[in-house]
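# Descriptive structure summary
The chain contents come next:
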Amino acid sequence: MSLMSTRIESLPEECLSHIISLTCPQDACRSSLVSCIFRDAADSDSVWDKFLPLDYPDIISNSVSPFFFSSKKDLYAKLSSTPLLIDGGRKVYYKYFNVKKIQTFLLDKYTNKRCYMLSARELSITWSTNSLYWCWKHLLHSRFPEAVELVMVSWLEIQGKINTRMLSPNTTYGAYLVVQIVKRAFGLDDTPLEVSIEVGDYKMRGNICMNLNECQRQGGYEAFCVVGQRGPCPRGDGWLDIELGEFYNDEGDREVKMEFKEIKGDRLKGGLLVEGIELRPKP
Amino acid sequence: MASSQENDVKKPETTITLKDDEKPETTITLKSSDGEVFEVPESAALLSYTIKIMVEDCRAGDVISLEQVDGKTLSWVITYLKKHAIDPFSEKDKDEFDTEFFSDKEFTSVVDIINAANYLNIKELLHTSTRKIADLMAIRWNRAM
C-alpha cells in the first residue's frame, strides 16, 4: 500500500476526502492511520457528513440531555457508540395517563443503519396501569429511567408500534423485546409465547419457548438459548433479546406493529422485567 | 487533331454542398506536459471545462498546453472523452464502457486519471474514477484484514 498511498497523497485534499467518503466509516477510520495527509483528509467534516443520517440535527435536538460534539467525526462516534436518549413526544394511553415517550437512537457502526429502542412506557402493555399486575421500577442498569416488571397476570399482552420512516430504507430489520427474567419468575414456560410482526399486508408469526427450570439449574441466562428453538438470547448488556420477528423496510411510510403475548392459557405468569422493544438491522 | 480543341474546353465546375453532420468536425490541438500532441474533436475536448475556458481565451488553431497531465494519462482521458461525446450514448453503454475502461488500469494509473480529471474539470470522469479508487481501497483493506 505504501507506493499507492504516496501516489494517492498527491491528490488535492478535497479529492482524497471525497474518495474516503465513498468508502465506509471503518475504512475512513483506518485511512486516518496511514499518514498525516490521509488523517487530515479522513477526519474532515465533508467525509463524516456523508456517513451521518440526513436528519441528524432533528435527532440531536430531541436529545433528553444536552448534546455536544467537536466535529462531525466526533458526532458520528457518539451516535454509533452509545444509544442516545431522545424525547419522542408525549403519549396518552388508557385515556388518563399522559406520559413522555422516551426512545433511544443508535447508528449501527457496521451497517451504518438506524437502530431504535422504544421504552416500556411507549409500549401498550395490558394491565400495566394497575400495580397489582405490573410494577414500574427505576433501574440503574437500564438505559431508560423506568422499566416494568410483571407481578402476576394471566393475560400477558405487550404491543409496540413504530413508523417505517424512522428506520433506514431498503433494510431488513429484526424486532426484539428486551427483558430480564427475575429470580421469582414463574409460569412463563407453561405455554409457548406468541410473537408477531405486521407491516401493511405483511405478517410474520412465531412461538417462543422459555425454559425456566433449565435457567435455575444452570444458574445463567445462557441456558435459555436452545439450539434449533427460538428463545431469549443474551445481548451482552445484562438483558435478553426475545425476537418478535423480522421485516424488510422498503421506502414506504407504514406502521410496524409488534406483539408479544400469551392469552390462550389461564395460567398465571410473573417475573418478566421489560425494558423495551428494539429494532435493529439484521446481519 | 480534333481532340486538342476538345481538351481546351473546360469542364464546368461542380459544387458539392455538405450537410451539417457530414462536415469534418473542428479539432483542437492538445499538448501534454511531456510534449505529446493530440488532435481531438472539439465536441470531446469541450467536455473538459478547463479546456473550454482555455479555448475561449486563445485564438483558433492555437495549441492548448496542459502542463499538469502527462502524455500517457492524457491519451486515456482523450479515449474517455471521445466515447462520452458520442450522442446519443445510453446509460447502459456508458456503464459498460466505464467498467471496461478501468478494468485494465492499475491503482496508480487511476490516481493519475483522477488528478487529470480534477485539473481538466471533467465531472463524470472524476466521479467514476474516484468511485473506482474507493472500491480498490475497500478491497485492499478487506484483504489486509
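Residues numbered from 1 in each chain as written. Chains lettered and ligands numbered in written order. Predicted model: local features only at pLDDT ≥ 70, side-chain atom pairs only at ≥ 80, totals over all residues. Heavy atoms only, no water.

Identification of chain B as SKP1 component POZ domain-containing protein from Erythranthe guttata is taken from an unreviewed UniProt entry. UniProt annotates chain B under Pathway (unreviewed entry) with the comment "Protein modification; protein ubiquitination." Under the UniProt heading Sequence similarities (unreviewed entry), the note attached to chain B is "Belongs to the SKP1 family." (UniProt positions renumbered as here; feature names shortened; annotations may be inferred.)

What follows concerns the overall build of chain A. Within chain A one finds eight helices and 14 strands. In chain A, buried positions account for 46% of the 283 residues. When contacts within chain A are restricted to residue pairs at least 6 apart in sequence, long-range pairs at least 24 apart make up 65% of them. Summed over its atoms, the accessible surface of chain A is roughly 14000 Å², and 53% of this surface lies on carbon and sulfur atoms. (Helix = DSSP H or I, 4+ residues; strand = E, 2+ residues; numbered from the N terminus. Buried < 20%, exposed > 50% of the residue type's maximum accessible area, 1.4 Å probe, protein only. Contact = heavy atoms within 4.5 Å. Areas by Shrake-Rupley, 256 points an atom, 1.4 Å probe, with all protein chains shown as cover.)

Here the focus is the confidence of the model for chain B. Summary statistics for chain B give a mean pLDDT of 84 and a share of 82% for residues scoring 70 or more. Contacts from residues 1-6 of chain B, a stretch scored under 50 in pLDDT, to residues over four places away or in other chains number zero contacts. (pLDDT = per-residue confidence, 0-100.)

In this section: the UniProt feature "domain: SKP1 component POZ" (unreviewed entry) in chain B. In this structure's numbering, the residues bearing the UniProt feature "domain: SKP1 component POZ" (unreviewed entry) are residues 27-84 of chain B. Annotated as 47% helix and 22% strand, the span residues 27-84 of chain B places its first and last C-alpha atoms 16 Å apart.

Residues and elements named next belong to chain B. At a closest axis distance of 11 Å, the pairing of helix α4 (residues 71-84) and helix α5 (residues 91-103) adopts a crossing angle of 170 degrees. The orientation of α4 with respect to α5, classified from their angle, is roughly antiparallel. Residues Trp76, Thr79, Tyr80, Lys83 and His84 of α4 touch α5, and the partners they reach there are Lys94, Phe97, Asp98 and Phe101. (Axes fitted to C-alpha atoms, helices over the stretch in contact; angles between N-to-C directions. Parallel < 35°, antiparallel > 145°, perpendicular 65-115°, else oblique.)

It is worth spelling out the nonpolar core at this point. Ranked by size, the top nonpolar core spans 97 residues in total, and within it A:Ile158, A:Met258, A:Phe260 and A:Leu272 carry the most contacts. Top contributing element to this core by residue count: helix α6 (residues 107-120) of chain B, with nine residues. Those residues in contact with A:Phe260, other than ones at most four positions away along the chain, are A:Leu156, A:Glu157, A:Ile158, A:Leu177, A:Leu193, A:Glu194, A:Val195, A:Ile242, A:Leu244 and A:Leu272. Listed in part, the eight residues of the second largest apolar core include A:Met117, A:Phe144, A:Ala147 and A:Trp239. (Core = buried A, V, L, I, M, F, W, Y, C linked by side-chain atoms within 4.5 Å.)

Residues and elements named next belong to chain A. This structure, assessed with the given rule, holds 30 salt bridges over all chains. Two residues, Glu243 and Lys282, come together in a salt bridge whose shortest N-O distance is 2.9 Å. Taken as a pair, Glu243 in strand β12 (residues 240-249) and Lys282 in the segment after β14 (270-281) lie far apart in primary sequence, 39 residues in all. When its relative accessible area of 24% is taken as the criterion, Lys282 is described as partly exposed. Bridged by salt links that share partners, the residues Arg235, Asp237, Asp241, Glu278 and Arg280 form one connected network. (Salt bridge = Lys/Arg side-chain N within 4 Å of Asp/Glu carboxyl O.)

Turning next to the layout of surface pockets. All names here are of chain A. In this structure, the largest pocket occupies an estimated 500 Å³ of space. Lining the largest pocket are 25 residues; nearest its centre among them are Lys101, Gln103, Ile162, Asn163 and Met166. Secondary-structure elements contributing two or more residues to the lining of the largest pocket are α6 (56-61), β1 (84-93), β2 (97-107), β3 (114-119) and β7 (156-163). Ranked by residues supplied to the lining of the largest pocket, first place goes to β7 with five residues. Residue composition of the lining of the largest pocket, grouped by class: eight nonpolar, eight polar and nine charged. (1 Å grid on protein atoms, 1.4 Å probe; cavity = no way out; pocket = protein on both sides within 12 Å on 5 of 7 lines; lining within 4 Å. Points joined across faces, edges and corners; volume = space filled by probe spheres on them. Nonpolar A, V, L, I, M, F, W, Y, C, P; charged D, E, K, R; others polar.)

What follows concerns α6(B). Since the α-helix advances by 3.6 residues per turn, residues separated by three or four positions end up pointing in the same direction. All names here are of chain B. Counted at 1.5 Å a residue, the expected span for α6 with its 14 residues is 20 Å, and the 20 Å between its end C-alpha atoms agrees. In terms of residue burial, α6 counts as a mostly covered element, since 12 of its 14 residues are buried. Note on α6: the residue one or two positions beyond its end, Asn121, has a positive phi of about 55 degrees. (Expected span 1.5 Å × (residues − 1).)

This next bit is on the sheet that holds strand β9 (residues 193-199) of chain A. All names here are of chain A. Here five strands make up an open sheet; going across it, the order is β4-β7-β13-β9-β10 and the pairing antiparallel. Bordering the open sheet on either side are β4 (124-125) and β10 (202-208), each of which pairs with just one other strand. Pairing of β4 with β7, which is carried by two bridges, proceeds in the antiparallel orientation. Following the sheet pairing, Ile125 is matched in β7 by Ile158. (Pairing = 2+ DSSP bridges.)

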